[in-house]
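# A structural walkthrough
Here's the letter readout for the chains.
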Amino acid sequence: MRFDILTLFPGMFSSPFGESILGRAIEKGLIQIRIINIRDFALDKHQVVDDAPYGGGQGMVMKVEPIARAIEQVKSGDASARVIYLTPQGRPFDQERARELASYPRLILLCGRYEGVDERVRDRFVDEEISIGDYVLTGGELAAMVVIDAISRLLPGVLGSDRSAVEDSFFNSLLEYPQYTRPFDFKGSLVPEVLISGNHQSIAQWRRKEALRRTWLQRPDLLEKARLSPEDRRFLGEIKKENCKSQMADRELENHRAEKTEIPN
Ligand code: 4HQ
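Residues numbered from 1 in each chain as written. Predicted model: local features only at pLDDT ≥ 70, side-chain atom pairs only at ≥ 80, totals over all residues. Heavy atoms only, no water.

## Thoughts on the environment of glutamine 205
- Considering the arrangement of structural elements, one finds glutamine 205 in helix α8 (residues 200-218).
- A relative accessible area of 28% means that glutamine 205 is categorised as partly exposed.
- For the pair glutamine 205 and phenylalanine 235, spaced 30 residues apart in sequence, the C-alpha separation works out to 9.1 Å.
- Other than its neighbours up to four places away in sequence, glutamine 205 contacts Glu231 and Phe235. (Helix = DSSP H or I, 4+ residues; strand = E, 2+ residues; numbered from the N terminus. Buried < 20%, exposed > 50% of the residue type's maximum accessible area, 1.4 Å probe, protein only. Contact = heavy atoms within 4.5 Å.)

## Here we look at the packing of α8 against helix α10 (residues 230-260)
- At a minimum axis distance of 9 Å, the contact between α8 and α10 shows a crossing angle of 60 degrees. One finds that α8 runs oblique with respect to α10. Once α8 is placed against α10, the crossing between them reads as right-handed. Of the residues in α10, those in contact with Gln205, Arg208, Lys209, Leu212, Arg213, Trp216 and Leu217 of α8 are Glu231, Asp232, Phe235, Leu236, Glu238, Ile239, Lys240, Glu242 and Asn243. (Axes fitted to C-alpha atoms, helices over the stretch in contact; angles between N-to-C directions. Parallel < 35°, antiparallel > 145°, perpendicular 65-115°, else oblique. Left-handed = near helix turned anticlockwise from the far one by under 90°.)

## A word on the site of the ligand
- Taken together, 16 residues sit near the ligand, with Thr87, Ile132, Gly133, Tyr135 and Leu137 positioned nearest.
- In this structure, tyrosine 135 approaches the ligand through a main-chain N or O atom, which is 3.0 Å from a nitrogen atom.
- Mapped onto the shell around the ligand, the elements with two or more residues apiece are β5 (82-92) and β7 (128-131).
- Among the elements that take part in the shell around the ligand, β5 stands out by supplying three residues, more than any other.
- Here the shell around the ligand is built from residues that sort into nine nonpolar, seven polar and no charged. (Near = heavy atom within 4 Å. Polar contact = N/O pair within 3.5 Å; in protein donor to acceptor, adjacent residues only side chain to side chain. Nonpolar A, V, L, I, M, F, W, Y, C, P; charged D, E, K, R; others polar.)

## Digging into the pairing of β5
- Where β5 and strand β6 (residues 106-110) come together, four bridges link them in parallel fashion. The partner of isoleucine 84 across the bridge, within β6, is leucine 109.
- Examined bridge by bridge, β5 and β7 share five bridges and lie parallel to one another. Bridging across to β7, tyrosine 85 finds its partner in glutamate 129. (Pairing = 2+ DSSP bridges.)

## Quick word on the side chain of arginine 106
- Inspection of the secondary structure puts arginine 106 in strand β6.
- A relative accessible area of 8% places arginine 106 in the buried class.
- When neighbours within four sequence positions are excluded, arginine 106 is seen to be in contact with Arg2, Asp4, Arg34, Val74, Gly77, Asp78, Ala81 and Arg82.

## Observations regarding the sheet that holds β7
- Strands sit in the order β2-β1-β6-β5-β7 across an open sheet of five strands; the sheet is parallel. On the outer flanks of this sheet lie β2 (32-37) and β7, each paired with one strand and no other. When strand polarity is set aside, the average angle formed by the axes of neighbouring strands in this sheet is 30 degrees.

If you want it as structure tokens, here you go:
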């Protein structure tokens, strides 16, 4: 898969794509990343890429012509490439969209700076707008890296071969279960016994239940789209009871403290 990134800050991409899993994926030829400096497509003497907004107001707007020329050049190789603009106004990015985009042979990612791009860039060149979340970044570069990272790890060979199967199973749309490694005892905090039992079925059940517990406690919205087995539903019933009990224990402790610190009036 090939990514073309259009940016005013090409230097921002060197370490994320030079290191670790993505660096190796590039070395292996599993992904190709080309960084295009939009400033190279400004034809005037001072290579101006931004200007004040019509109608007045704060900040600068990225000019249409340099971006238009950059996109036209990149597309001249392959007219089918899809142009994505990173912006808080885009569709919220998620795992499902990452999976869908992973099937495109070529994506062009346009990174905006300042107050964003001239609206005519969006009208004429952008196929899709993506937001990585409801917050404001200084530019689209980090958002483009997030999108590329999430897509790349889904491509065959980028992660270890045994990892890929898990992705598509119905283990998705739940949060991950807790993980432990040595030592067994860290200053009195122990690893759950079941994990050293050697009983693979009990371990799998414990992990599934803990994944359900975390999801229920921290992201109950995810449980709505999760595919749950009858056993999952039984686990959820147990989790809710356990949560009630621990809340009762908390209240008990709180009452006990209150009694001991009672202030007579
Ligand atoms: N920006 N998801 C403003 C973002 C953003 C986001 C990119 C800042 C575009 C002009 N991009 N520029 N959130 O905050 O994608």
